[in-house]
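Working through the structure, step by step
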Amino acid sequence: MVFLPKPKRWAGRECRGKPTIVTGGDQMKKLLTVLVTAAMVLSFVGFASAEKLFVATDTNFKPFSYKNSDGDYVGMDLDLWDAVAKKAGLEYEMHPMDFGGIIPGLQTGNIDVAVAGMSVKSSREKVIDFAMPYFRAGLVIMVRPDNMDIKDIDDFAGKTVCTKLATSSVDYIKKNAKPAKLTQLPNVSDCFMELLAGGTDAVMFDLPPLADYANNAGKGKVKILAPMHMGHHYAMAVPAGSKVRDKISTAILEISEDGTYDKIYRKWFGKDPEWKP
């Protein structure tokens, strides 16, 4: 058996009493306690490292991400991300949110991944990181069928133009045109309503959602003008320095090679992709 040291002195007086004796059994219990505690700490660390990624997507960017008639969020972006996550072995939770809050969320680290039809831009690359691009797009102009005044962006002078808030289309219009008023709304679908109601003369935004509207809900009510402006690419975004970026890029290449990308593209656009990663 092991004896503890002699009694200590507190405030100049000796603290006397019976000596505390620690037996071999007590030592074993303490050792087991330490081991169990260490195992719990390691288990917690492992759990923390395996937390699900917070993935943000746009609330209204059809056909990439939008709420369907059943109240579920669907779209090409969601299908594509799910395929990427499975390839990369990533667990996640999807959070639809307004596009304007996504980049700030990436900068603060509150968002782990953004899958929101986000255009790759040098100004964005300075504050966040992009994975391998997954879609090629461009801006087009949409007007009412009876509008004969606007044929291209040069005709915006003196007109009212609507586009989506905090997107690359805002910068492009400000740089290349001089409309009397540039209306910026949270969702591009709000611009569609403004156009039909006569609140704006034209909508300028990415081709896919405008084409989807012109071919479906807005068929016969609007027309899209050629040509396409500012060709650019969409890419998934992560906080600057995130280690997840390379996993995402590799998975995008893998689903492009094994035919998964083509299958998802055909589901949402009804044809084979003209471009793919």
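Scope of this entry: the structure provided in the associated data block. (Residues numbered from 1 in each chain as written. Predicted model: local features only at pLDDT ≥ 70, side-chain atom pairs only at ≥ 80, totals over all residues. Heavy atoms only, no water.)

Before going further, it helps to spend a moment on the state of the cysteines. Taken as a whole and assessed by the stated rule, the structure comprises one disulfide. In this model Cys-162 forms its disulfide with Cys-191; the gap between the sulfur atoms is 2.1 Å. Note on the Cys-162 and Cys-191 pair: the S-S dihedral is about -70°, so by sign convention the disulfide is left-handed. Taken together, the residues span a long stretch of sequence, with Cys-162 in strand β12 (residues 160-164) and Cys-191 in helix α6 (residues 188-197) at a distance of 29 residues. Summarising the burial analysis for this pair, Cys-162 and Cys-191 share the class buried. (Disulfide = S-S within 2.5 Å. Helix = DSSP H or I, 4+ residues; strand = E, 2+ residues; numbered from the N terminus. Buried < 20%, exposed > 50% of the residue type's maximum accessible area, 1.4 Å probe, protein only.)

Right, let's talk about the sheet that holds strand β14 (residues 202-206) for a bit. Strand order across the open sheet formed by five strands is β13-β12-β14-β11-β15, with mixed pairing between neighbours. In this open sheet, the two edge strands, each paired with only one partner strand, are β13 (181-185) and β15 (223-234). Taking each pair of neighbouring strands and ignoring which way they run, the sheet shows an average axis angle of 20°. Contacts from helix α7 (residues 207-215) reach β11 (135-143), β14 and β15, with the element oriented near 125° to β14. (Pairing = 2+ DSSP bridges. Axes fitted to C-alpha atoms, helices over the stretch in contact; angles between N-to-C directions. Contact = heavy atoms within 4.5 Å.)

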